[in-house]
Amino acid sequence: RGIVEGPMVFVRFGSCGIISPNTKPGSICIASGSVMVTRNPDAWGKNDVAIRPRYNFSRPVEANKDLSNMLGSCLKDAIGKERVCMG
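Residues numbered from 1 in each chain as written. Predicted model: local features only at pLDDT ≥ 70, side-chain atom pairs only at ≥ 80, totals over all residues. Heavy atoms only, no water.

Novice: If you had to explain the confidence of the model for the chain to someone new, which residues and values would you point to?
Specialist: Mean pLDDT over the chain works out to 84, with 89% of the residues at or above the 70 mark. Per-element averaging of pLDDT across the chain places strand β2 (residues 33-34) at the bottom with 88 and helix α1 (residues 65-79) at the top with 94. (pLDDT = per-residue confidence, 0-100. Helix = DSSP H or I, 4+ residues; strand = E, 2+ residues; numbered from the N terminus.)

Novice: Would you mind going over a nonpolar patch on the surface in detail, with residue names and values included?
Specialist: The grouping of Val-35, Val-37, Trp-44, Tyr-55 and Phe-57 at the surface amounts to a nonpolar patch, some 510 Å² of accessible area in total. By relative accessible area, which is 45% here, Val-35 ends up partly exposed. (Patch = residues over 30% accessible without salt bridge, like charges linked within 9 Å, V, L, I, M, F, W, Y side chains within 5 Å. Areas by Shrake-Rupley, 256 points an atom, 1.4 Å probe, with all protein chains shown as cover. Salt bridge = Lys/Arg side-chain N within 4 Å of Asp/Glu carboxyl O. Buried < 20%, exposed > 50% of the residue type's maximum accessible area, 1.4 Å probe, protein only.)

Novice: How would you sum up the state of the cysteines? Please name residues and give values.
Specialist: If you walk through the whole model with that rule in mind, you get one disulfide. Across a sulfur-sulfur distance of 2.3 Å, Cys-29 and Cys-85 are joined as a disulfide pair. Here Cys-85 lies in strand β6 (residues 84-86) and Cys-29 lies in strand β1 (residues 28-30), a separation of 56 residues in the sequence. Of the residues examined, Cys-85 reaches a relative accessible area of 18% and is grouped as buried. (Disulfide = S-S within 2.5 Å.)

Novice: Got a sec to walk through the layout of surface pockets? Specific residues and values, please.
Specialist: In this structure, the largest pocket spans a volume of roughly 1100 Å³. Looking at the largest pocket, it is lined by 33 residues, and the ones nearest its centre are Arg-12, Cys-29, Ile-30, Ala-31 and Gly-33. Breaking the lining of the largest pocket down by element, the ones donating at least two residues are β1, β2, β5 (61-62), α1 and β6. Counted by class, the lining of the largest pocket contains 18 nonpolar, 12 polar and three charged residues. (1 Å grid on protein atoms, 1.4 Å probe; cavity = no way out; pocket = protein on both sides within 12 Å on 5 of 7 lines; lining within 4 Å. Points joined across faces, edges and corners; volume = space filled by probe spheres on them. Nonpolar A, V, L, I, M, F, W, Y, C, P; charged D, E, K, R; others polar.)

Shown next, in the form of structure tokens:
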């Protein structure tokens, strides 16, 4: 943050799962939102007494539409619209 003055925007590139017959391997997908899933380490005990829940899910968070559209436009220009999926 020491080299940035004013508002800062960042884009996280990562991995995700998607099931869609229209999305081919090697595509870049821009998500319209996301959730965070964390594992509850206390739910996996030696005594077979599982504490619930085993996984915690956050509330969905919507992506910034303007930033997503700008990113999508730049990616389509760079790698071709057939390799970019939105949603």
